[in-house]
Amino acid sequence: MSEQAGPDRSLLSAVQVTKRFGGLVAVDGVSFEVERGKIFALIGPNGAGKTTMFNCVTGLSPPTAGSILFEGRKITGARPHEVAAMGIARTFQNVRLFEYMSALDNVRVGQHVRMKAKLWGSMLKLPSERREEQRVTERARELLEFVGIGRHASSYARNLAYGQQRRLEIARALATDPRLLLLDEPAAGFTPNEKMNLMQLVGRIIDQGVTVFLIEHDMKVVMGISHRIAVLDHGEKIAEGSPEEVRRNPRVIEAYLGKSA
């Protein structure tokens, strides 16, 4: 088996995380480590608890039991804006953009967590506030170019094609200047060519020093870009390892991948 990430290499750790909704156990004692600078994937059938795990990490739905650590610091129960300020960003299964704002403004909003201007500075348009606004705008344009939709900066988010909206959501998440980026089914609804472009984009994100933790159903995408994979089934982790180890695991084949995998 491949070695686990050591304490100095681990960016995110989940320790016996459990999430209950009344009598339903959505996540049951799940543990894993996301290594700094790597791509870690979480897979499993629909209803396996993957998105619930993301929600536990990002503070949208705190764990019922267990611990989550980021850079060695316990963040269990932190609120979403606190998690974002710590350096964790995410996208969602269903695109969540400000539809009647331009692509540029959607990304500018993403930088709010890093902005320092105060209310009075904004109202009076002080030089420091104007400089920050300029910096924020320039950074937003850079991120739109980075994800490949720079020419659509002035377009309303609602008028972009679906694949472009996905890229815009990634740009907005990157605008928070994260050290860890969570991508929830980023390839959903993509054509084969768009999936290939997405894999290349994720590779460029890693090259920028951002660690990626993703949920994805497309096994070609998962196996093609992930360094390590954990598998959930009915809320429990049934396997973890390299793509090749997971591909050959009998429990994974039975629960998820199927005999032809």
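These numbers were taken from a predicted model, which means no experiment stands behind them.

Conventions used here
- Residues numbered from 1 in each chain as written.
- Predicted model: local features only at pLDDT ≥ 70, side-chain atom pairs only at ≥ 80, totals over all residues.
- Heavy atoms only, no water.
- Core = buried A, V, L, I, M, F, W, Y, C linked by side-chain atoms within 4.5 Å.
- Buried < 20%, exposed > 50% of the residue type's maximum accessible area, 1.4 Å probe, protein only.
- Helix = DSSP H or I, 4+ residues; strand = E, 2+ residues; numbered from the N terminus.
- Contact = heavy atoms within 4.5 Å.
- Pairing = 2+ DSSP bridges.
- Axes fitted to C-alpha atoms, helices over the stretch in contact; angles between N-to-C directions.
- 1 Å grid on protein atoms, 1.4 Å probe; cavity = no way out; pocket = protein on both sides within 12 Å on 5 of 7 lines; lining within 4 Å.
- Points joined across faces, edges and corners; volume = space filled by probe spheres on them.
- Nonpolar A, V, L, I, M, F, W, Y, C, P; charged D, E, K, R; others polar.
- Salt bridge = Lys/Arg side-chain N within 4 Å of Asp/Glu carboxyl O.
- Arc of directions from axis to C-beta.

Caption draft 1: Examining the nonpolar core more closely. Counting residues in hydrophobic clusters, the biggest one holds 47 residues, and the most contacted among them are Leu168 and Ile205. Here the element with the most residues in this core is helix 7 (residues 192-207); it accounts for six residues. Dropping the residues within four chain positions of it, leucine 168 is found in contact with Leu97, Ala103, Asn106, Val107, Leu144, Ile149, Ala157 and Leu160. Core analysis: the second largest hydrophobic core is formed by 28 residues, Leu42, Phe70, Ile75 and Leu182 among them.

Caption draft 2: How the structure looks around the sheet that holds strand 4 (residues 65-70). Strand order in the open sheet made by the four strands is 2-1-4-5, with antiparallel pairing throughout. Each end of this open sheet is capped by a strand with a single partner; those strands are strand 2 (24-35) and strand 5 (73-74). Pairing analysis gives eight bridges linking strand 1 (residues 10-21) to strand 2, with the strands arranged antiparallel. Each residue of the ladder has a partner; that of serine 10, found in strand 2, is glutamate 35. Strands in contact with helix 1 (residues 50-58) are strand 1, strand 2 and strand 4; relative to strand 1, the strand with the most contacts, it is inclined by about 115°.

Caption draft 3: How the structure looks around the layout of surface pockets. Estimates place the volume of the largest pocket at around 580 Å³. Along its surface, the largest pocket is lined by 21 residues, and Pro80, Ala84, Arg90, Phe92 and Thr176 are the ones closest to its centre. If you list the elements that add at least two residues to the lining of the largest pocket, you get helix 2 (80-86), strand 6 (88-90), helix 3 (103-110) and helix 6 (162-174). Tallied by class, residues from the lining of the largest pocket come to twelve nonpolar, five polar and four charged.

Caption draft 4: Layout of the sheet that holds strand 10 (residues 236-241). If you walk across this open sheet you meet the six strands as 6-7-8-3-9-10, and the pairing is mixed. Of all strands in the sheet, those with a lone pairing partner are strand 6 and strand 10, marking the two edges. Neighbouring strand axes in the sheet, compared pairwise and without regard to direction, differ in orientation by 20° on average. Across the sheet, helix 7 lies against strand 3 (39-43), strand 7 (180-184) and strand 8 (211-215), angled at about 145° from strand 8, the strand it touches most.

Caption draft 5: Layout of the environment of arginine 247. In this fold, arginine 247 is placed in helix 9 (residues 243-248). The exposure class assigned to arginine 247 is partly exposed, which follows from its relative accessible area of 32%. Measuring from C-alpha to C-alpha, the distance between arginine 247 and methionine 223 comes to 8.5 Å, with 24 residues separating the pair along the chain.

Caption draft 6: The pattern of salt bridges, seen in detail. Enumeration according to the criterion identifies 13 salt bridges in this entry. Note that arginine 139 is salt-bridged to glutamate 142, the shortest N-O span being 3.4 Å. With arginine 139 and glutamate 142 both in helix 5 (residues 127-146) and three residues apart, the pair spans about one turn of that helix. Look at glutamate 142 and you get partly exposed, because its relative accessible area is 48%. Where glutamate 240 meets lysine 237, a salt bridge forms, and the shortest distance between an N and an O atom there is 2.7 Å. Under the relative-accessibility criterion, glutamate 240 is labelled buried at 10%. For lysine 237, a relative accessible area of 33% puts it in the partly exposed group. When salt bridges with common partners are traced through the structure, they connect Arg36, Glu71 and Arg179 into a single cluster.

Caption draft 7: Representation of the side chain of glutamine 165 in the model. Note on placement: glutamine 165 falls in helix 6. Its relative accessible area of 17% is what places glutamine 165 among the buried residues. For glutamine 165, the contacting residues outside a window of four places in its chain are Val95, Leu97, Ala157, Arg158 and Leu160.

Caption draft 8: Broad picture of helix 3. Burial in helix 3 covers these residues: Ala103, Leu104, Asn106, Val107 and Gly110. Angularly, the buried residues of helix 3 cover 160° about the axis, an arc narrow enough to put them on a single face.

Caption draft 9: Highlighting the environment of glutamate 133. By secondary structure assignment, the location of glutamate 133 is in helix 5. Residue classification places glutamate 133 among the partly exposed residues on the basis of a relative accessible area of 23%. The sequence separation of glutamate 133 and arginine 108 amounts to 25 residues, and the corresponding C-alpha distance is 9.0 Å.

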